[in-house]
Amino acid sequence: MPEPAKDAAAPNAAGPGIGRGPGRLLLSLYGVFTVAALSRAIVQISMQFDQAPLAYLLSLLAGIVYAVITVALWRGGEGARKVALVSCALELAGVLTVGTLTLVDSGAFPDQTVWSDYGMGYLFLPVVVPVTGLLWLRRPAPPQQDSGS
């Protein structure tokens, strides 16, 4: 009997469960971060862009990175694992760079970004979560189960 076609938008249940188990917590956190960062950035850009354009654009970038990671964790599979791994590394680099710049040259950031002061406004989660994500995503993928066809 032929197998039903898989929906391309559905999560990869047969692939490695990067968004399952402990990965589900990461998936949830990144989902919340996506909504928070994008909402904040959209409001700031639309209402007060001239006050701190760099800060608001960096918050928008953070929200986009969070969205990419969220989708990758939800989709699963090796391709999504690689996308999430690169995105978490980019996020960590952004948090460390922006965090350092906000401490060194606070005048360049007249308003906070998601990554300002290493995410202090978000209880330092923007620096802790990508480290946790990198550790989770670097673990070996579980072996593929044969569907018995």
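The following paragraphs examine the structure supplied in this document. (Residues numbered from 1 in each chain as written. Predicted model: local features only at pLDDT ≥ 70, side-chain atom pairs only at ≥ 80, totals over all residues. Heavy atoms only, no water.)

1. Things to note about the pattern of salt bridges
Heads up, the condition is: Take a side-chain nitrogen of Lys or Arg and a carboxyl oxygen of Asp or Glu: if they are within 4 Å of each other, that pair is a salt bridge. Under the scheme used here, helices are H or I runs from DSSP no shorter than 4 residues and strands are E runs no shorter than 2 residues, and both carry numbers assigned from the N terminus. Only protein chains enter the calculation, and the probe is 1.4 Å; a residue is then buried if its accessible area is under 20% of its type maximum, exposed if over 50%, and partly exposed in between.
Inspection of the entire model under this criterion finds 1 salt bridge. For R81, the salt bridge identified is with E78, shortest N-O distance 3.1 Å. Linking R81 with E78, this pair stays in helix α3 (residues 77-104), spanning 3 residues, or about one helical turn. Exposure remark for R81: the relative accessible area of 5% places this residue in the buried category. Residue E78 is classed as partly exposed on the basis of its relative accessible area, which comes to 35%.

2. Points about the packing of aromatic side chains
How two aromatic rings sit relative to each other is set out by the distance from centre to centre and by the angle between their planes. What counts is decided by this rule: When the centres of two rings from Phe, Tyr and Trp lie within 6.5 Å, Trp using its six-membered ring, the rings pair. Their planes under 30 degrees apart give stacked, over 60 give edge-to-face, and anything left gives tilted.
All told, the structure shown has 3 aromatic pairs when counted by the stated rule. On the basis of an interplanar angle of 45 degrees and a centroid distance of 5.9 Å, the ring pair of Y30 and Y66 is categorised as tilted. Here Y30 is found in helix α1 (residues 22-48), whereas its partner Y66 is found in helix α2 (residues 53-75), with 36 residues between them in sequence. Each of the two residues, Y30 as well as Y66, counts as buried. Centroid distance F33 to Y66: 5.1 Å. Interplanar angle 55 degrees. Geometry classified as tilted. Of the two residues, F33 is situated in helix α1 and Y66 in helix α2; the sequence distance between them amounts to 33 residues. Of the two residues, F33 and Y66, both sit in the buried class.

Purely spatial values, then, with no claim about function.
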